[in-house]
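If you want the building blocks of each chain, they are given just below.
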Amino acid sequence: MKTGLARFLSFVLHPLLIPTVLCGILFYTAPFTVANLESFNGQETIDFFGVKLSFRFGLLLLVFFFTFLIPGYLLYVLYRLRVIRSLTMERLEDRRGPYLVIVLLYTLFSFASLRYLVLLPQLTVVMASITFSVSCVSFISLYWQISAHATGMGGVIGGLIALTARFGTTSLLAPLVVFILLTGLVMSARLQLNAHTPRQILAGLVLGAVICGTTFYTFWQLDLV
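A short tour of the structure in this document, coming up. (Residues numbered from 1 in each chain as written. Predicted model: local features only at pLDDT ≥ 70, side-chain atom pairs only at ≥ 80, totals over all residues. Heavy atoms only, no water.)

**Quick notes on the overall build of the protein chain**
Under the convention used in this document: Helix and strand assignments follow DSSP, with helices taken as H or I runs no shorter than four residues and strands as E runs no shorter than two, numbered in order from the N terminus. Each residue is assigned to one of three classes by its accessible area relative to the maximum for its type, calculated with a 1.4 Å probe on protein chains only: buried under 20%, partly exposed between the two thresholds, exposed over 50%. Contacts are residue-level and defined by heavy atoms, with any inter-residue pair within 4.5 Å sufficient. What sets the accessible areas is the Shrake-Rupley method with a 1.4 Å probe; for residues, cover comes only from the shown protein chains.
Along the backbone of the protein chain there are nine helices and two strands. The linear arrangement of helices and strands in the protein chain, starting from the amino end, is α-α-α-β-β-α-α-α-α-α-α. Put simply, the protein chain has 225 residues, and 49% of those count as buried. For the protein chain, long-range pairs separated by at least 24 residues make up 70% of all intrachain contacts whose partners lie at least 6 apart in sequence. Only carbon and sulfur atoms are counted for the fraction: they give 68% of the accessible area of the protein chain, which is about 11300 Å².

**Notes on the layout of surface pockets**
Filter applied, for reference: Two kinds of site are reported from a 1 Å grid over the protein atoms alone, namely cavities, where a 1.4 Å probe fits but cannot get out, and pockets, open sets with protein on both sides within 12 Å along at least five of seven lines, and residues are called lining when an atom falls within 4 Å of a point. Grid points are joined across faces, edges and corners, and a volume is the space filled by probe spheres set on the points. Throughout, the ten residues Ala, Val, Leu, Ile, Met, Phe, Trp, Tyr, Cys and Pro are labelled nonpolar, Asp, Glu, Lys and Arg are labelled charged, and all others, Gly among them, are labelled polar.
Empty space within the second largest pocket amounts to approximately 190 Å³. Every residue along the wall of the second largest pocket is listed here: Leu 62, Phe 66, Ile 70, Leu 105, Leu 108, Phe 109, Ala 112, Ser 113, Tyr 116 and Leu 117. Sorting the residues of the lining of the second largest pocket by element identifies helix H4 (55–80) and helix H5 (92–116) as the ones contributing at least two each. The leading source of residues in the lining of the second largest pocket is H5, at six residues. Broken down by class, the residue content of the lining of the second largest pocket amounts to nine nonpolar, one polar and no charged.

**Considering the packing of helix H1 (residues 3–12) against helix H8 (residues 173–192)**
Packed helices, taken two at a time, are described by their axes: the angle between them and the distance between them. Note the threshold: The axes used here are C-alpha line fits, helices contributing only the stretch in contact, and every angle between their N-to-C directions lies in the interval 0 to 180 degrees. Between 65 and 115 degrees an angle is taken as roughly perpendicular, under 35 as roughly parallel, over 145 as roughly antiparallel, and anywhere else as oblique. Note on convention: near helix rotated counterclockwise from far helix by under a right angle means a left-handed crossing. Clockwise means right-handed.
Axis separation between H1 and H8 bottoms out at 8 Å; the angle between their running directions is 125°. With respect to H8, the axis of H1 lies oblique. For the crossing formed where H1 meets H8, the hand is left-handed. Contacts between H1 and H8 involve Thr 3, Ala 6, Leu 9 and Ser 10 on the former and, on the latter, Leu 185, Val 186, Ala 189, Arg 190 and Gln 192. Here the contact of H1 with H8 is built from residues that sort into five nonpolar, three polar and one charged.

**So, the packing of helix H2 (residues 18–29) against H4**
Where H2 contacts H4, the two axes come as close as 9 Å, and the packing angle between them is 170°. Classified by the angle their axes make, H2 and H4 are roughly antiparallel. Classified by chirality, the crossing of H4 by H2 is right-handed. Residue-level contacts link Pro 19, Thr 20, Cys 23, Gly 24, Phe 27 and Tyr 28 of H2 to Arg 56, Phe 57, Leu 59, Leu 60, Val 63, Phe 64 and Thr 67 of H4. Considering only residue class, the contact of H2 with H4 consists of nine nonpolar, three polar and one charged.

**Some words on the nonpolar core**
Let me state the cut-off plainly: Among buried residues, those of type Ala, Val, Leu, Ile, Met, Phe, Trp, Tyr and Cys that are joined through side-chain atoms within 4.5 Å constitute a nonpolar core.
Ranked by size, the top nonpolar core spans 57 residues in total, and within it Phe 27, Leu 59, Tyr 106 and Phe 216 carry the most contacts. Counting only elements with at least two residues in this core, the list comes to H2, H4, H5, helix H6 (121–140), helix H7 (148–167), H8 and helix H9 (198–221). Those residues in contact with Tyr 106, other than ones at most four positions away along the chain, are Leu 16, Pro 19, Thr 67, Pro 71, Met 127, Ile 130, Thr 131 and Val 134.

**Some words on H1**
Test applied: To be clear, the arc concerns the directions from the helix axis to the C-beta atoms.
Taken together, the buried positions of H1 are Ala 6, Leu 9 and Ser 10. Along the axis of H1, the buried positions cluster into a sector of 100°, meaning they face one direction only. Residues Gly 4 and Phe 11 are exposed on H1 and point more than 90 degrees away from its buried face. Looking at the buried positions of H1, the neighbouring elements they touch are H7 and H8.

**Side note on the side chain of Ser 113**
Looking at where Ser 113 falls in the secondary structure, it is placed in helix H5. Exposure remark for Ser 113: the relative accessible area of 1% places this residue in the buried category. Setting aside chain neighbours within four positions, we find Ser 113 in contact with Val 118, Leu 123 and Thr 124.

Everything listed is a geometric property; what it means functionally is a separate question.
Written out as structure tokens, the structure is:
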């Protein structure tokens, strides 16, 4: 794999995009897994900073705004202030501060979804599981450079497997297969860029899959919604 392609894959499948990707898969591929989402049926609208959008798309855009754009902008500010040396954060020392910022932002968004989106409790579960995964990565990164990319990809795979088992549906099989293939490419890209060792990648993959898979399956299996 060429270095340019490896950098491109690392960017387009950045860990900060995982909440948006996972919510997009659920909203559009298997909306029946999200309580009350189908009742809107694309006819209700959401006011996104003064712009009227379909509820489903507006909600997805809201997730993108608060889990990617805002954290991404803050990381850029940290870079401009020279708190971190590189936006790619290859050095372990560069990861600790940004991870803490991301954990705080994701925690706030998780509580906001719990407080203001009570009809969509699964969104809170998605955000809470991702927030916990990032928290674990942040803690481990105090001592060891575990792969955040692998953790994010593993989280999506684990979550989709859990929901497929929970609902006995084939709707999520196609995105699951696609994501497994993409995970292989992203892991190869991280190795090509010498960003991580195979052990760091495997650890991240297992961490994300176990946390999201267990959380998703337990939440829906217990019929807490």
